[in-house]
Amino acid sequence: VFFFVASHFNMDASKFERCHRFFTQGLLKDRGYSYPVKRFYTRPDLFQQYYDTKKNLSSATDSFRIEGTFGKKLATGPRTGQRRKFLVHFLPGTSNTTFGKRPALALQKYMTDNDIDRLFLVTPVAVTNHALKQLCEVADVEIWPMLDCLMQSEGHYTVPACRKVPAKERREFYAKHKISSSNLPRMLMGKRVARYWGFSPGDLIEIERRTHAGLVKEFRVVVNG
């Protein structure tokens, strides 16, 4: 399940909508996630209307939930035949200066109860080490600062068109050119493009860049850093 929730609604609605759109029209589509599209996702004015009706309700967090799936179907275990589950937890704004262990415990329980495999935590504040450790016990965790989500990455020069080369094609590439991963330029895991696409260390990435001579392809290997 992919899950998007706003837990505190003391945030400008237009910024909230832009962060929401970052996932629904950008990252989710680009990573191949599946989720049902509700009407208020489709236009800023509809989002504003929906926001105004829900922001003061105790059930506001449930109202902004987005659920979906990703990846291949699991071959073994109690969830055989199902796709993996995701959670994106969005903190629109809070008087607290950090996201600490107590709210992390509540989030951890939700993920455990719903078999969540990966968490995207979108936050305007720092996440404490205790909170991060708690969340990492039950899921893969990606921290997304709110400012990163306010920038439309899919149209930004730091996120060019690219694809992860499949394992078989990657082996053929290295054999054809008689090189190894150490001979190619690197892409650090901490870079925006690697985070946006969800790449992992060891992945071979084919990038298309627009130049005065047309589209130019280049290859990079993802490494920790």
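Just above sits the structure.
Report follows, based on the coordinates. (Residues numbered from 1 in each chain as written. Predicted model: local features only at pLDDT ≥ 70, side-chain atom pairs only at ≥ 80, totals over all residues. Heavy atoms only, no water.)

**What about the pattern of salt bridges?**
Here's step 1: Under the counting rule described, the total for this entry stands at 14 salt bridges.
Here's step 2: Taking the shortest distance from any N to any O, the salt bridge between Glu 206 and Arg 163 comes out at 2.9 Å. Separated by 43 residues along the polypeptide, Glu 206 in strand S10 (residues 204-211) and Arg 163 in strand S8 (residues 161-164) bring together distant segments of the chain.
Here's step 3: Judged by its relative accessible area of 32%, Arg 163 falls in the partly exposed class.
Here's step 4: Linked by salt bridges that have partners in common, Arg 79, Arg 84, Asp 117, Arg 118 and Asp 140 make up one network. (Salt bridge = Lys/Arg side-chain N within 4 Å of Asp/Glu carboxyl O. Helix = DSSP H or I, 4+ residues; strand = E, 2+ residues; numbered from the N terminus. Buried < 20%, exposed > 50% of the residue type's maximum accessible area, 1.4 Å probe, protein only.)

**A closer look at the packing of aromatic side chains**
Here's step 1: Under the defined criterion, the tally for this structure stands at 17 aromatic pairs.
Here's step 2: Between Phe 40 and Tyr 50, the aromatic rings sit 4.0 Å apart at their centres with planes inclined by 10°, giving stacked as the arrangement. Of the two residues, Phe 40 sits in the loop between helix H1 (13-31) and helix H2 (44-54) while Tyr 50 sits in helix H2, which places them 10 residues apart along the sequence.
Here's step 3: Pairwise contacts between aromatic rings join Phe 16, Phe 40, Tyr 41, Phe 47, Tyr 50, Tyr 51 and Phe 90 into one cluster.
Here's step 4: Sitting over the ring of Trp 144, Arg 195 keeps its end group 4.2 Å from the ring centre. (Phe/Tyr/Trp six-rings, centres within 6.5 Å; stacked < 30°, edge-to-face > 60°. Lys NZ or Arg CZ within 6 Å of the ring centre and 35° of its normal.)

**Some details on the packing of H1 against H2**
Here's step 1: Where H1 contacts H2, the axes come no closer than 10 Å and their chain directions differ by 120°. In this view, H1 runs oblique relative to H2, as classed from their interaxial angle. As H1 runs across H2, the sense of the crossing is right-handed. Residue-level contacts link Ala 13, Phe 16, Glu 17 and His 20 of H1 to Pro 44, Phe 47, Gln 48 and Tyr 51 of H2.
Here's step 2: Class assignment for the residues of the contact of H1 with H2 results in five nonpolar, two polar and one charged. (Axes fitted to C-alpha atoms, helices over the stretch in contact; angles between N-to-C directions. Parallel < 35°, antiparallel > 145°, perpendicular 65-115°, else oblique. Left-handed = near helix turned anticlockwise from the far one by under 90°. Contact = heavy atoms within 4.5 Å. Nonpolar A, V, L, I, M, F, W, Y, C, P; charged D, E, K, R; others polar.)

**Digging into the nonpolar core**
Here's step 1: Counting 35 residues, the largest nonpolar core has Phe 23, Leu 27, Phe 120, Trp 144, Met 187 and Phe 199 as the members making the most contacts within it.
Here's step 2: Of all elements in the fold, only H1, H2, strand S3 (84-90), strand S5 (118-123), helix H6 (146-150), helix H8 (192-197) and S10 reach the threshold of two or more residues within this core.
Here's step 3: At seven residues, H1 tops the list of elements feeding residues into this core.
Here's step 4: Counting residues in each nonpolar core, the second largest holds 13 residues, with Leu 91, Val 125, Leu 135 and Ala 139 among its members. (Core = buried A, V, L, I, M, F, W, Y, C linked by side-chain atoms within 4.5 Å.)

**Overview of the environment of Ala 167**
Here's step 1: Examined against the element boundaries, Ala 167 turns out to sit in helix H7 (residues 167-177).
Here's step 2: Residue class for Ala 167 comes out partly exposed when judged on its relative accessible area of 36%.
Here's step 3: Remark: the alpha-carbon pair of Ala 167 and Asp 203, spanning 36 residues in sequence, is separated by 8.6 Å.

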